[in-house]
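Listed here are the chains, written in short residue letters.
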Amino acid sequence: MTTAVQQLALVDCNNFYVSCERLFRPDLANVPMVVLSNNDGCVVSRSNEAKALGIKMGQPWFECKGLAEEHGILAFSSNYELYADLSNRVMQTLSNFSPSQEVYSIDECFVDLTGIPKLREVSYAMRARVGMWVGMPVCVGIGPTKTLAKLANHVAKKHPRSKGVFNYSALNPEQKARLLAQLPVEEVWGVGRKLTKRLALHGIQNVLDLREAHVPTLRAEFGVVMEKVQRELQEVACIKLEEVQADKQQIISSRSFGSMVTELPVLKDALSTFVANACAKLRAQGSHASVIQVFLQTNRFRKDLPQYMPSLAVPLPQPTNDTLEVNRWADYLCERMFRASYQYKKAGIMLSEISPVTHQQGDLLEPASVGNTRLMQALDSLNQRYGRGTVKVSTQGVYAQWQMRQERKSPCYTTRWEELPLV
């Protein structure tokens with residue numbers, strides 16, 4: 001009995017943030033538009049029309065304003081609540097096609113189609129189902145490894161003849177070589193600009209060059225990770241499908257402020273929100289943390305202002321995921337670092353030395369902490385049911401100065417009753 005060759009499909013939503021905005025605004029079809037990052041800083045998603053006009057990914061919005069006024073390019077603030085909900089709907093829809101899937105990012109998902117016949121027809125069915133049930137345009141790339149599925153998805157997006165689906169496995173050896181020779185090496189998953197320049201020094205310009213490169217030389221120069229990429233291009237699966245997301249070993253919660261902060265209570269208010277978010281993630285994975293680190297930052301881009309970027313970490317008396325307990329330590333560290341003569345642009349917290357709640361090392365000199373387990377369970381339950389931030393610690397959300405600028409934010413069409421679209 002022969003074992004079926006692995007076949008993975010990478011399903012990727014097209015211009016995801018822009019597509020989410022257009023879903024409830026059909027009048028925006030064919031209109032050049034972009035979605036901006038936190039505090040409306042940089043471009044993080046572009047419509048095809050905006051790309052054609054020369055808007056680059058990551059470009060600061062203030063640099064685009066002249067072009068935007070000239071061509072009528074619309075800009076939206078990031079609406080993460082809306083994007084997360086639509087992403088969950090896409091992933092749930094894809095789960096109907098295979099029991100094995102890996103949600104790789106908010107807009108990408110690997111689906112295991114091994115042993116399933118008529119892969120092309122199934123791929124078109126996935127596109128149609130997501131389009132009908134969620135309204136999201138997607139492209140599907142199929143390959144025997146993750147790296148080749150990612151490349152196939154790139155082809156499906158860039159070449160109109162593919163009609164949104166490309167199956168690398170359906171090509172014969174000559175067709176595969178011809179295709180890989182046409183793709184620049186920077187299109188390979190995990191190969192960035194710096195690696196592209198280093199690979200060029202070894203005569204590796206396109207994906208075929210990388211696939212056929214001398215293995216010992218590649219390993220000696222670039223390490224085992226690049227060797228794995230090469231073997232993936234040679235159709236040897238080296239990167240497994242991660243069906244279950246591993247527990248985080250470090251949790252960071254931070255944000256740049258909408259405006260400069262100069263007062264200690266405002267900083268504490270922001271840190272209290274970051275602690276609540278981080279501890280909620282801890283409890284969701286059944287873990288607790290033993291170390292908290294707090295950091296503050298001034299605006300490093302403002303050379304006319306004095307700079308101050310302190311960071312302090314302390315071990316907690318007992319491992320905990322209690323928001324109230326962690327918040328007390330965050331307040332203490334913030335007070336130690338705060339200097340009134342500086343203007344702060346960013347702050348955050350990091351929880352580390354994370355372990356399951358079932359594992360706890362006792363301390364002879366410190367009494368065991370009882371914690372507020374039932375209170376935290378009730379808080380999580382209410383926030384899951386009615387939305388994050390419905391119930392919060394009293395020190396959260398008192399001040400608005402540090403909140404993100406979202407002057408161009410659209411309604412949360414799918415998650416808030418008062419913002420549901422009206423027909």
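In this text the structure is predicted, and so the values were computed from the model without any measurement.

Thresholds applied
- Residues numbered from 1 in each chain as written.
- Predicted model: local features only at pLDDT ≥ 70, side-chain atom pairs only at ≥ 80, totals over all residues.
- Heavy atoms only, no water.
- Helix = DSSP H or I, 4+ residues; strand = E, 2+ residues; numbered from the N terminus.
- Contact = heavy atoms within 4.5 Å.
- Areas by Shrake-Rupley, 256 points an atom, 1.4 Å probe, with all protein chains shown as cover.
- Lys, Arg positive; Asp, Glu negative; His and termini not counted.
- Charge placed at Lys NZ, Arg CZ, Asp CG, Glu CD.
- Salt bridge = Lys/Arg side-chain N within 4 Å of Asp/Glu carboxyl O.
- Buried < 20%, exposed > 50% of the residue type's maximum accessible area, 1.4 Å probe, protein only.
- Pairing = 2+ DSSP bridges.
- Axes fitted to C-alpha atoms, helices over the stretch in contact; angles between N-to-C directions.
- Parallel < 35°, antiparallel > 145°, perpendicular 65-115°, else oblique.
- Nonpolar A, V, L, I, M, F, W, Y, C, P; charged D, E, K, R; others polar.
- Patch = residues over 30% accessible without salt bridge, like charges linked within 9 Å, V, L, I, M, F, W, Y side chains within 5 Å.
- Disulfide = S-S within 2.5 Å.

## Quick notes on the overall build of the protein chain
- Counting its secondary structure elements, the protein chain contains 14 helices and twelve strands.
- A sequence separation of at least 24 residues applies to 70% of the contacts in the protein chain between residues at least 6 apart.
- For the protein chain, the computed accessible surface area is about 22800 Å², with 53% contributed by carbon and sulfur atoms.
- Positive and negative side-chain charges in the protein chain, numbering 49 and 41 respectively, have mean positions lying 3 Å apart.

## A short note on the pattern of salt bridges
- Tallying each qualifying case throughout the model produces 17 salt bridges.
- Here Glu81 ties to Arg416 by a salt bridge, and the two come within 2.8 Å at their closest N and O atoms. In this pair, Glu81 is assigned in helix 4 (residues 80-94) and Arg416 in the segment after helix 14 (373-386), connecting sequence segments 335 residues apart.
- Accessibility expressed as a relative area gives 32% for Arg416, which makes it partly exposed.
- Through salt bridges with shared partners, a single network forms among Glu81, Arg416 and Glu419.

## Thoughts on the sheet that holds strand 5 (residues 101-105)
- Spatially, five strands are ordered 5-6-1-7-8 in an open sheet, and the strand pairing comes out mixed. At either end of the open sheet lies a strand with only one pairing partner, and these are strand 5 and strand 8 (165-167). Pairwise comparison of adjacent strand axes, ignoring direction, gives a mean angle of 15° for this sheet.
- In this structure, strand 7 (residues 138-143) lies alongside strand 8, joined through three bridges in parallel fashion. Bridge pairing in strand 8 links Gly141 to Phe166.

## A word on the side chain of Asn321
- Within the fold, Asn321 resides in the loop between strand 11 (311-320) and helix 13 (323-337).
- Judged by its relative accessible area of 18%, Asn321 is buried.
- Setting aside anything within four residues of it in sequence, one finds Asn321 in contact with Cys279, Leu282, Arg283, Ser287, His288 and Val357.

## So, the packing of helix 1 (residues 16-23) against helix 4
- With their axes 10 Å apart at the nearest point, helix 1 and helix 4 run at an angle of 95° to one another. Accordingly, the angle class assigned to the pair helix 1 and helix 4 is roughly perpendicular. Contact with helix 1, carried on its side by Phe16, Tyr17, Cys20, Glu21 and Leu23, involves Tyr80, Leu82, Tyr83, Leu86 and Ser87 of helix 4 and no other residues of that element.
- Tallied by class, the residues present in the contact of helix 1 with helix 4 amount to eight nonpolar, one polar and one charged.

## With respect to the sheet that holds strand 11
- Taken together, the four strands give an open sheet; going across it, the order is 9-12-10-11, and neighbouring strands pair in antiparallel fashion. A single partner strand is all that each edge strand has here, and the edge strands are strand 9 (251-261) and strand 11. Sheet twist, expressed as the average angle between the axes of neighbouring strands with direction ignored, equals 15°.
- Pairing analysis gives eleven bridges linking strand 10 (residues 287-298) to strand 12 (residues 344-356), with the strands arranged antiparallel. Counterpart to Phe295 in the pairing with strand 12 is Gly348.
- Sheet strands touched by helix 12 (residues 264-284): strand 9, strand 10, strand 11 and strand 12. Its angle to strand 12, the strand with the most contacts, is close to 30°.
- Strands in contact with helix 13 are strand 10, strand 11 and strand 12; relative to strand 11, the strand with the most contacts, it is inclined by about 160°.

## Considering a nonpolar patch on the surface
- Taken together, the side chains of Leu382, Tyr386 and Val391 define a hydrophobic patch exposed on the protein surface, amounting to about 260 Å² of accessible area.
- On the secondary structure map, Val391 appears in the segment after helix 14.
- Classification of Val391 by relative accessible area gives partly exposed; the value is 32%.

## Concerning the state of the cysteines
- On inspection of all chains with the given rule, the structure shows zero disulfides.
- There is no disulfide at Cys139, and the cysteine sulfur nearest it, in Cys13, is 9.8 Å away.
- Of the residues examined, Cys139 reaches a relative accessible area of 5% and is grouped as buried.

## Here's the deal with unusual backbone geometry
- Located in the positive-phi region is Asn30, a residue other than glycine, with phi close to 70°.
- Although it is not a glycine, Asp40 sits at a positive phi angle of roughly 55°.
- By the secondary structure assignment, Asp40 is in the loop between strand 2 (33-36) and strand 3 (43-46).
- On the basis of relative accessible area, Asp40 is assigned to the buried category, the value being 10%.

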